[in-house]
Amino acid sequence: MSSRCTSAVFLHSCSPKAVYKAECAGEENWVDSRTIYVGHHEPPPGTEAYIPQRYPDNRIVSSKYTFWNFIPKNLFEQFRRIANFYFLIIFLVQLIIDTPTSPVTSGLPLLFVITVTAIKQGYEDWLRHKADNAMNQCPVHFIQHGKLVRKQSRKLRVGDIVMVKEDETFPCDLILLSSSRGDGTCFVTTASLDGESSHKTYYAVQDTKAFHNEREIDALHATIECEQPQPDLYKFVGRINVYHDRNEPTARPLGSENLLLRGATLKNTEKIFGVAIYTGMETKMALNYQAKSQKRSAVEKSMNVFLIVYLCILISKALINTVLKYVWQSEPFRDEPWYNQKTESERKRNLFLRAFTDFLAFMVLFNYIIPVSMYVTVEMQKFLGSYFLTWDEEMFDEDTGEGPLVNTSDLNEELGQVEYVFTDKTGTLTENNMEFIECCIEGHVYVPHVICNGQILHDCTGIDMIDSSPGGSGKEREELFFRALCLCHTVQVKDDDNVDGLKKNQLSRKPCVYISSSPDEVALVEGIQRLGYTYLRLKDNFMEILNRENDIERFELLEVLSFDSVRRRMSVIVKSSTGDIFLFCKGADSSIFPRVKEGKIDQIRSRVERNAVEGLRTLCVAYKKLTEKEYYSAHKLLQNAKLALQDREKKLAEAYEKIERDFILLGATAVEDRLQEKAADTIEALQKAGINVWVLTGDKMETAAATCYACKLFRRNTQILELTTKKIEEQSLHDVLFDLSKTVLRHNGSLTRDSFSGLSTDMQDYGLIIDGAALSLIMKPRQDGSSGNYRELFLEICRNCSAVLCCRMAPLQKAQIVKLIKLSKEHPITLAIGDGANDVSMILEAHVGIGIIGKEGRQAARNSDYAIAKFKHLKKMLLVHGHFYYVRISELVQYFFYKNVCFIFPQFLYQFFCGFSQQPLYDTAYLTLYNISFTSLPILLYSLMEQHVSADTLKREPSLYRDVAKNALLRWRAFIYWTFLGVFDAVVFFFGAYFLFENTIVTSNGQMFGNWTFGTLVFTVLVFTVTLKLALDTQYWTWINHFMIWGSLLFYIIFSLLWGGIIWPFLNYQRMYYVFMQMLSSGPAWLGIILLITVSLLPDVLKKVLCRQLWPTATERIQKSMRHKTTLNALANSDGPLLEGNLSASEA
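Residues numbered from 1 in each chain as written. Predicted model: local features only at pLDDT ≥ 70, side-chain atom pairs only at ≥ 80, totals over all residues. Heavy atoms only, no water.

**Remarks on a nonpolar patch on the surface**
Moving on, step 1. Together, Met380, Phe383, Leu384, Tyr387, Phe388 and Trp391 make up an exposed nonpolar region whose accessible area comes to about 550 Å².
Moving on, step 2. Its location among the elements puts leucine 384 in helix H11 (residues 372-390). (Patch = residues over 30% accessible without salt bridge, like charges linked within 9 Å, V, L, I, M, F, W, Y side chains within 5 Å. Areas by Shrake-Rupley, 256 points an atom, 1.4 Å probe, with all protein chains shown as cover. Salt bridge = Lys/Arg side-chain N within 4 Å of Asp/Glu carboxyl O. Helix = DSSP H or I, 4+ residues; strand = E, 2+ residues; numbered from the N terminus.)

**Observations concerning the confidence of the model for the protein chain**
Moving on, step 1. Here the protein chain averages 79 in pLDDT, while 82% of its residues score no lower than 70.
Moving on, step 2. Confidence over residues 1-31 falls short of pLDDT 50; this stretch has 62 contacts with residues more than four positions distant or in other chains.
Moving on, step 3. Segment residues 497-508 is flagged for pLDDT under 50; beyond a separation of four residues in sequence, or across chains, it makes 21 contacts in the model. (pLDDT = per-residue confidence, 0-100. Contact = heavy atoms within 4.5 Å.)

**Let's talk about the packing of aromatic side chains**
Moving on, step 1. Inspection of the entire model under this criterion finds 57 aromatic pairs.
Moving on, step 2. Judged by centre distance (6.2 Å) and plane angle (85°), the rings of phenylalanine 306 and phenylalanine 897 are edge-to-face. Linking phenylalanine 306 in helix H8 (residues 298-328) with phenylalanine 897 in helix H28 (residues 873-911), this pair joins segments that are 591 residues apart in sequence.
Moving on, step 3. When its relative accessible area of 1% is taken as the criterion, phenylalanine 897 is described as buried.
Moving on, step 4. Considering the side-chain rings of phenylalanine 990 and phenylalanine 991, the 5.2 Å spacing of their centres and the 90° angle between planes classify their relative orientation as edge-to-face.
Moving on, step 5. Among the aromatic side chains, those forming a connected cluster through ring pairs are Phe903, Tyr922, Tyr926, Tyr930, Phe934, Phe1019, Phe1051, Tyr1052 and Phe1055.
Moving on, step 6. In this structure, arginine 554 is placed above the aromatic ring of phenylalanine 542, and the distance from its NZ or CZ to the ring centre is 4.6 Å.
Moving on, step 7. For lysine 1103, the ring lying beneath its charged end belongs to tyrosine 977, and the centroid distance is 4.5 Å. (Phe/Tyr/Trp six-rings, centres within 6.5 Å; stacked < 30°, edge-to-face > 60°. Buried < 20%, exposed > 50% of the residue type's maximum accessible area, 1.4 Å probe, protein only. Lys NZ or Arg CZ within 6 Å of the ring centre and 35° of its normal.)

**Structural notes on the sheet that holds strand E36 (residues 719-723)**
Moving on, step 1. If you walk across this open sheet you meet the nine strands as E16-E41-E40-E39-E17-E35-E38-E37-E36, and the pairing is mixed. For this open sheet the edge positions go to strand E16 (405-406) and E36, each flanked by a neighbour on one side alone.
Moving on, step 2. Contacting strand E35 (692-696), E36, strand E37 (766-771) and strand E38 (803-807), helix H20 (residues 701-710) crosses the sheet at an angle of about 150° to E38.
Moving on, step 3. Packing against the sheet, helix H25 (residues 811-822) makes contact with strand E17 (420-423), E35, E38 and strand E39 (830-834), and its axis sits at approximately 160° to E35. (Pairing = 2+ DSSP bridges. Axes fitted to C-alpha atoms, helices over the stretch in contact; angles between N-to-C directions.)

**What about the nonpolar core?**
Moving on, step 1. Residues Phe903, Tyr922, Phe1019 and Leu1022 are the most contacted members of the largest nonpolar core, which totals 94 residues.
Moving on, step 2. Of all the elements, H28 adds the most residues to this core, at 17 residues.
Moving on, step 3. Discounting residues that sit within four places of it in the chain, phenylalanine 1019 has contacts with Phe903, Tyr922, Tyr926, Tyr930, Phe934 and Tyr1052. (Core = buried A, V, L, I, M, F, W, Y, C linked by side-chain atoms within 4.5 Å.)

**Some details on the sheet that holds strand E6 (residues 161-165)**
Moving on, step 1. Read across the sheet, six strands follow the order E5-E4-E6-E15-E7-E13 without closing on themselves; strand pairing throughout is antiparallel. Edge strands, defined here as strands with exactly one partner in the open sheet, are strand E5 (147-152) and strand E13 (259-260).

**A word on helix H18 (residues 648-659)**
Moving on, step 1. Helix length check: H18, at 12 residues, gives a terminal C-alpha distance of 17 Å against a target of 16 Å (1.5 Å per residue), a fit within 8%.
Moving on, step 2. When we look at burial in H18, the residues that qualify are Arg648, Leu652, Ala655, Tyr656 and Ile659. In a view along the axis of H18, the buried residues occupy a sector of 100°, so they form one face of it. Looking at H18, the residues exposed on the side facing more than 90 degrees away from the buried face are Lys650 and Lys658. (Expected span 1.5 Å × (residues − 1). Arc of directions from axis to C-beta.)

**Concerning the pattern of salt bridges**
Moving on, step 1. Here the structure, examined in full by the defined rule, presents 40 salt bridges.
Moving on, step 2. Between arginine 554 and glutamate 544 there is a salt bridge, and its shortest N-O distance comes to 2.8 Å. Taken together, the residues arginine 554 in strand E29 (residues 552-561) and glutamate 544 in strand E28 (residues 542-546) connect sequence positions 10 residues apart.
Moving on, step 3. Judged by relative accessible area, arginine 554 falls into the partly exposed class, the value being 40%.
Moving on, step 4. The buried category is assigned to glutamate 544, whose relative accessible area is 4%.
Moving on, step 5. Across the salt bridge formed by glutamate 826 and arginine 799, the nearest N and O atoms sit 2.9 Å from each other. Taken as a pair, glutamate 826 in the loop between H25 and E39 and arginine 799 in helix H24 (residues 788-799) lie far apart in primary sequence, 27 residues in all.

This is how it looks when you write it as structure tokens:
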């Protein structure tokens, strides 16, 4: 490259960004660049006016708080929650004005909530700090003054030359300068970045790959010009200028194949040297830390709505009491009774100020209707409940040694509300374990011998042929086909013990250990090995293969035309030992057939179509012979494209298009990706549960459709509707959509499939197949600016189909589909499940994201809300755990509101009998401990342990999932019932005790009961009623339930006896002294308590009995049949011998 082309003008400012203006013709302005001095060596003087830039150090910070800002920042975040802020205001009001209750009654529960949450969040952040420190203090080897020095990772700077050894992770983003491998390559796994656990090949810079020791590397004088940091893992554009003895530097292009990313791991390579170009929070890994949007469950949304309703009720109560107080005091002598005359300053106070103070006082008095402890209980229930999922032994996979993971416990109950499941195919429904099945050469089919547990059986080096063996030219084509598959790939051979440069296992024909970024490629190379051709290695740019005659053939690798998802093919140009130059190409049938000029196309196409229908993954293989002149022309075209700094991908694509044409078709291969165990059973169960299952895959239509049939997503009687590019080419999109709409609506009427079971035999079963290109057209805004019509029509068709298959989907399109359904007018709850990095976008988009800990790394599992080992575990996760979670938390929320209505409504009624004087009905201790101690533990345990039906029954009867679908237990009808039940019980408590007292009940010594005894009587009935109500709702009794329920009641009695039985020195009042004992000494009080509890519980018992008899749900019918079976079994066990004796006597 000329000096004019390599010299550049840099415009520098105070900012760290520079603007590069290239003088070469055809090159565009290159904005936002950085210049790095390799090893901090400045270039020879007089070359270019470089000005150093400032870069961050190599520290990674993922923590949220520091030691100094934890308390203010955490308190700020907690008080952003409406409930916490509300209770803080109430607490401050109690401190500022004269309120009827002590500030302790609000302050203590609030302090408890804030403290528990702060401890939880502080502990989580401490773990993040710990992880950051471990990463930042990790030792790194770097070169300083020609020697290897060790220092902490956080001290690395841009420009440092780093040495990384095998199995170590890269400490920052590096440009590969040299490798211990002779060809300057190294192998890397990027599982922690993009989820792909397979090995990828990276290349050293041509001019530096020969530097193998510290001194040579330290002597290097070079600068790197590259773009500023950006998060795209697969994109990098840069240039290295290497300065030799003379002043004119040599420029080489740098691409993503030269960039080693932080977090990736070095494999199968002894060591590498690289220069740091992006450090710390500027590395691509740090830039890809995607802050997951906060997902909120339907239950949490319902809770917030109910909270607003209760806030309105609270304000209404306070207003009514304030108004009535002033109406009551408008009568003479009521305003200032003789025992409570006002002072002069109180008389002169502004009326509105007095009224507002009274309003606030009533708000404080009634504020317990909003339960602050409910939030803590819900948090604890979710956190502790998530352990039941991780402890489930049935969901532990012995093959992988992995169990379920819970990344967020906030969405547990959402697992019981799922209406749509979006699943990936490869690695999720299938095992992602490729096995070579057959190859078809010139119309002849070859099937290799069977592999048993990954080992070839002895004496199995031959070939099973279905058709007769080809003759003459066919034999030549056969060998070319085998050579093509041995050479056209990016597979690497794992290093083993060498014998005279050749590996022991290659000479003994044992299978080599192959590594590749694609499981398909490994399956093909292993399959061809079983057919007699073994790929040995790539050394010094020569590929070696072992043919059937045990002769080693050497081919010089001239060019690799890499695979990409747009072309869907890859090629290599090789030169044989005889001097012949071949271009071998393999790829999808749709990308190979249009470029073929000769070969047995029809026979091979029919075989490919047949294999695709059977669910096999197919590839076609073709070749062409190149002359020296053709090769030189192709080489020049590729080199020009590779050296371009701008639009490099576009120019390479154009070069590939010109080179890859006029092929001779050789044959095709078929590889099987087996269906996962019980995948079909799982999908069938989900459909019976009323869940719509969609498969979103990047695979071709035929292969994906075959998998859908195999896993029972489509059935034999399912009528398949196609919305594909092929259909749209024949008709317009508008016509295709309207035709499909007419078809489904003609049979199903205006009802959508949501009205049916999803497996109904009364209606025609439809399955829809759509591809990525058709989806793009549907999502694309129309010329008139509206895209809504097509989307609505598409959604209408989908609703009337039992299953939908979306093939040829890009990762972003998967997320688009999920978003389209999520935002449709029904707002259904969606779940996305996948195993690869390409599934992350849809996992983050769905209400619930589930990652499968599979062979494509942990990217999906890390970004998900939950992770499981196999697809089959989804059945139990939703139908059992999800069902239980939802039922339990629904009861918890409704019960909390119910018990607080029961608690505070008598206080409201009491104001009518105490002249609206804000006199509390209950003692301060009872007000404080009601939600914290007396009634909280039984409901917490219920919400963790309750099983209204057994787990086995839920698995056996998937339709029970429908009973709780669409937030059934937290609808307005249920909410209003619980609220009115609370009001009824409160009226019974208050007026029952009132009428009891009206008869002037006295104790045995003639003393009358006072107002604190009245309040204690109401409170005692209240605590017993709400606890026994929970006992009536409990279906699954264990010793822990008994201990908690009866223990809570016992604790209340013991506490009351102690609280009223001792004169406490720290109290400035002793109003509760002997009150509880005096109440219990009265026989009528005992009778009243029992009677009031019975009357309070009666309506709920009657309602349950009537509803179960007249309108039973599916769950209640199952419960009844289970009880009936249990009774019969008990009778059979107890009366068995007697029954048998009677039976034998009657027979005689």
